[in-house]
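Reading the structure
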Amino acid sequence: MAFINKSNTETLAKYLSLDQCGKIQAEYIWIDGDGGLRGKTTTLDFKPTDVSELKEWNFDGSSTNQAPGHDSDILLRPASIFKDPFRGGDNIIVLAECYNNDGTPNRTNYRHSCAKIMETHADAVPWFGIEQEYTLLDADGQVLGWPKGGFPGPQGPYYCSVGANVAFGRDIVEAHYRACLYAGVNISGVNAEVMPGQWEFQVGPCTGIDMGDHLWVARYLLQRVAEDFGVVVTFHPKPIKGDWNGAGCHTNYSTKAMREEGGIKAINEAIERIGKRHAEHIAVYGEDNDQRLTGRHETGHISTFSSGVANRGASIRIPRHVAAEGRGYFEDRRPASNIDPYRVTEIIVESSLG
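Residues numbered from 1 in each chain as written. Predicted model: local features only at pLDDT ≥ 70, side-chain atom pairs only at ≥ 80, totals over all residues. Heavy atoms only, no water.

1. Describing the overall build of the protein chain
For the protein chain, the count of helices and strands is nine helices and 13 strands. Dimensions along the principal axes, computed over C-alpha positions, put the protein chain at roughly 60 × 50 × 40 Å. Counting all 354 residues of the protein chain, 51% fall into the buried class. Taken as a whole, the protein chain presents about 16000 Å² of accessible surface, with 50% of it coming from carbon and sulfur. Computing the positive centroid from 35 side-chain charges and the negative centroid from 46, the protein chain places the two 3 Å apart. (Helix = DSSP H or I, 4+ residues; strand = E, 2+ residues; numbered from the N terminus. Buried < 20%, exposed > 50% of the residue type's maximum accessible area, 1.4 Å probe, protein only. Areas by Shrake-Rupley, 256 points an atom, 1.4 Å probe, with all protein chains shown as cover. Lys, Arg positive; Asp, Glu negative; His and termini not counted. Charge placed at Lys NZ, Arg CZ, Asp CG, Glu CD.)

Structure below.
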């Protein structure tokens, strides 16, 4: 059995209630060289009100697959601030971008180029909403709630389920939801997914670069919450082979023109442009996505582009109420659960408006 750390929250609470004597703890978090999250803490003598007040920091990039050992310093430049639900009080979480010591963006820093695209097309007012699916694993690496050495009953009763025999891990989901609300993440909902032990949370609507910021912080909070319960979160798009649904990051998108009267014309035009760059989109829509986009389990096949009204087997779905009202948004169903949202939102804006 693998050892999984589990927080002793009752003991920890005794120390977290101690006075901080006017100091603030700032947890800097960043995306590492493998698409995961890292974090470390610094002490501040003041309560920052704007990200510009925060210091530039650094870390050993050779230990995070972001730099060679002989030139390992990677710079952390603060990008956004969130409240810290774990330490409480005035303590904060700082989402930071990674830069090389020559001032260029680190190869893992996709936020830099995404921000430029969002600024270029700010007049279009791009809104996003992302549906983040994930799977919970126990200490043995088995899906939470699955019988040891076996499988649960077939899919059907688990989606939006209620009951201890079908819903596994709800305490984690509820704790994460509240942590996001406290932190200032624009979380808009949660639900149990089709495969048992799989859940989804939704973030948005967010404008432009905020989409990537809020989703990355929501992921960080989820993994920290799961620590407390001794559970592991996986964002792999197909954690269990066979007749089980994969995990995606369906990305809902609209512009000001799409949301206005007659916006369906702008929606159809954007879908046509995006379809012409299908291969380029798939290239940034997540690792191992071919295991998920098979044409089965509510997916379109990875090799072909399609769109349709209310069709969950299409690459892009136009919700039925959008088609009826003639304005609104569309849902790109291709992104996998392990996407970098900066890359996905950037290419969607670039393809649809470029």
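Resuming the write-up.
2. Brief notes about the UniProt feature "domain: GS beta-grasp" (unreviewed entry) in the protein chain
UniProt records the feature "domain: GS beta-grasp" (unreviewed entry) for residues 24–103 in the present numbering. Taken as a whole, residues 24–103 contains 0% helix and 49% strand, while its terminal C-alpha atoms sit 28 Å from one another. (UniProt positions renumbered as here; feature names shortened; annotations may be inferred.)

3. A few points about the UniProt feature "domain: GS catalytic" (unreviewed entry) in the protein chain
Cross-referencing UniProt, the feature "domain: GS catalytic" (unreviewed entry) maps to residues 110–354 in the present numbering. Taken end to end, residues 110–354 is 35% helix and 18% strand, and its two terminal C-alpha atoms sit 18 Å from one another.

4. Looking at the side chain of arginine 111
Tracing the chain through its elements places arginine 111 in helix H2 (residues 111–120). Discounting residues that sit within four places of it in the chain, arginine 111 has contacts with Ala79, Glu97, Ile209, Asp213 and Tyr342. (Contact = heavy atoms within 4.5 Å.)

5. A closer look at the environment of threonine 64
Along the chain, the position of threonine 64 falls in the loop between strand S3 (57–60) and strand S4 (73–83). Its relative accessible area of 5% is what places threonine 64 among the buried residues. Through-space distance from the C-alpha of threonine 64 to that of isoleucine 74 is 9.9 Å; in sequence the pair is ten residues apart. If we ignore the near neighbours within four places in the chain, the residues touching threonine 64 are Trp30, Asp32, Gly33, Arg38 and Phe59. A polar contact of 2.7 Å, which involves the side chain of threonine 64, links it to the side chain of glutamine 66. (Polar contact = N/O pair within 3.5 Å; in protein donor to acceptor, adjacent residues only side chain to side chain.)

6. Regarding a nonpolar patch on the surface
Residues Leu12, Tyr15, Leu16 and Leu18 make up a contiguous nonpolar surface patch of roughly 390 Å² in combined accessible area. Mapped onto the elements of the fold, leucine 16 is located in helix H1 (residues 9–16). Its relative accessible area of 36% is what places leucine 16 among the partly exposed residues. (Patch = residues over 30% accessible without salt bridge, like charges linked within 9 Å, V, L, I, M, F, W, Y side chains within 5 Å. Salt bridge = Lys/Arg side-chain N within 4 Å of Asp/Glu carboxyl O.)

7. What about the domain arrangement of the protein chain?
For the protein chain, the assigned domains read domain 1 (9–108) and domain 2 (119–353). Facing the 16 residues of domain 1 at the interface are 18 residues of domain 2. On the domain 1 side of the contact with domain 2, Leu37, Phe82 and Phe86 bury the most area, a combined 40% of that side's loss. Across the contact surface, domain 1 and domain 2 share zero salt bridges. Linking domain 1 to domain 2 there are one residue pair in polar contact (both at pLDDT 80 or more). Where the side of domain 1 that touches domain 2 is concerned, the elements lending two or more residues are strand S1 (24–31), S4 and strand S5 (92–99). Class assignment for the residues of the side of domain 1 that touches domain 2 results in eight nonpolar, five polar and three charged. (Domains from an automatic or database assignment. Buried area = accessible area lost by both parts, 1.4 Å probe. Nonpolar A, V, L, I, M, F, W, Y, C, P; charged D, E, K, R; others polar.)

8. Thoughts on the packing of H2 against helix H9 (residues 341–353)
Contact geometry for H2 and H9: axes closest at 9 Å, N-to-C directions at 30 degrees. Judged by the inter-axis angle, H2 sits roughly parallel to H9. Remark: the crossing between H2 and H9 carries left-handed chirality. Of the residues in H9, those touching H2 at Arg111, Ser113, Cys114, Ile117 and Met118 are Tyr342, Thr345, Glu346, Val349 and Glu350. (Axes fitted to C-alpha atoms, helices over the stretch in contact; angles between N-to-C directions. Parallel < 35°, antiparallel > 145°, perpendicular 65-115°, else oblique. Left-handed = near helix turned anticlockwise from the far one by under 90°.)

9. Quick look at the pairing of S5
Within S5, eight of the eight residues are buried, leaving the element largely enclosed by the surrounding structure. Going residue by residue along S5, you find Ile92, Val94, Ala96 and Cys98 tucked away on one face and Ile93, Leu95, Glu97 and Tyr99 tucked away on the opposite face as well. Sheet topology note: the S1/S5 ladder contains four bridges and is parallel. What sits directly across from isoleucine 29, in S5, is leucine 95. (Pairing = 2+ DSSP bridges.)

10. Overview of the packing of aromatic side chains
Across all of its chains, the model carries eight aromatic pairs by this definition. Between tyrosine 253 and phenylalanine 330, the ring centres sit 5.5 Å apart and the planes meet at 75 degrees, which makes this aromatic pair edge-to-face. Residue tyrosine 253 is found in strand S10 (residues 249–254), and its partner phenylalanine 330 is found in strand S13 (residues 330–332); the two are separated by 77 residues along the sequence. Using a relative accessible area of 0% as the deciding quantity, one classes phenylalanine 330 as buried. A network of ring pairs unites the aromatic residues Phe128, Tyr253 and Phe330 as a single cluster. The ring of phenylalanine 86 is capped by arginine 224, whose NZ or CZ atom sits 4.1 Å from the centre of that ring. (Phe/Tyr/Trp six-rings, centres within 6.5 Å; stacked < 30°, edge-to-face > 60°. Lys NZ or Arg CZ within 6 Å of the ring centre and 35° of its normal.)

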